Every structure is written in C-alpha cells, then in structure tokens.
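# Understanding the architecture of this molecule
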Amino acid sequence: MRVALALLLVAGLASAAQPDRWLAWDKAAHLTISTVTPVALHAGLRAMHVSKPVAFWTALGLTAAACVGKELLDGKASWRDLTVDVLGLAVAAGVVTWL
C-alpha cells in the first residue's frame, strides 16, 4: 500500500513539474476533440430534425461547457488548453456553417 501511495505521489509531482507547452500532444487532443465533437453533435441534432440555428448553438455550447468543465476538474485550469479549445470551436463553427 505504501509503495502504491509513493508511486502516485511521484507521478503527481512529475506531471505537475511538466511545463504547459503550446506544441504538445495535449494541445492536439484538445484541438481534435473541440473540433470533432460539435460537428458530430450538430449532425446528430440535425438528424433529429432540430433547426440549424438551434443545432449550431447547442452543439457549440455543450462542447464549450465540456471543455471548461474538464479544465475545472483538472484542478488547475490551463489557459493554453482553453485557447486551443476556442480555436477548435471556431474551426467547427466554420465547418458546420460551410456544410
């Protein structure tokens, strides 16, 4: 038990020591999720015959709320993560508008 707690402590300290870089796999994941999720939600809502404006704002709003909620659950919100999330939402808005 003590070994497991020690490993968790070391892992936590190691992850806290890592800098929040702009070019990291974490940012790629944020960009991908915040782009694909609203497009998929919009498509699903439109398939359920929801109007375009309602589907658009619902998809973007739910995804934005999930992105902010994820950062709050992390305990330490990363402004870089949120910036990349906003970029992904903007790309998704462009894609949905274009379709």
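Residues numbered from 1 in each chain as written. Predicted model: local features only at pLDDT ≥ 70, side-chain atom pairs only at ≥ 80, totals over all residues. Heavy atoms only, no water.

Before going further, it helps to examine the nonpolar core. Phe56, Leu60, Leu89, Ala93 and Val96 together form the largest nonpolar core, which totals five residues. Counting residues per element, the ones that place at least two in this core are helix H3 (52-74) and helix H4 (79-98). The dominant element in this core, judged by the number of residues it contributes, is H4, at three residues. The contact partners of Ala93, leaving out residues within four places of it in the chain, are Phe56 and Leu60. (Core = buried A, V, L, I, M, F, W, Y, C linked by side-chain atoms within 4.5 Å. Buried < 20%, exposed > 50% of the residue type's maximum accessible area, 1.4 Å probe, protein only. Helix = DSSP H or I, 4+ residues; strand = E, 2+ residues; numbered from the N terminus. Contact = heavy atoms within 4.5 Å.)

Taken together, the side chains of Leu31, Leu87 and Val91 present a nonpolar region at the surface, about 230 Å² in accessible area. Along the chain, the position of Val91 falls in helix H4. (Patch = residues over 30% accessible without salt bridge, like charges linked within 9 Å, V, L, I, M, F, W, Y side chains within 5 Å. Areas by Shrake-Rupley, 256 points an atom, 1.4 Å probe, with all protein chains shown as cover. Salt bridge = Lys/Arg side-chain N within 4 Å of Asp/Glu carboxyl O.)

Another point: the pattern of salt bridges. Side chains carrying opposite charge are able to pair once their charged atoms draw close together. Counting across every chain of the model gives five salt bridges. A salt bridge links Asp20 to Lys27; the shortest N-O distance between them is 2.4 Å. With a shortest N-O distance of 3.9 Å, Glu71 and Lys70 are connected by a salt bridge. On the accessibility criterion, Glu71 (1% relative accessible area) is buried. Shared partners join several salt bridges into a network, and the residues in it are Asp20, Asp26, Lys27 and Asp81.

Across its 20 residues, H4 extends 29 Å between first and last C-alpha, which sits within 8% of the 28 Å expected from 1.5 Å per residue. All buried positions along H4 are accounted for by Asp81, Leu82, Val84, Asp85, Gly88, Leu89, Ala92, Ala93 and Val96. (Expected span 1.5 Å × (residues − 1).)

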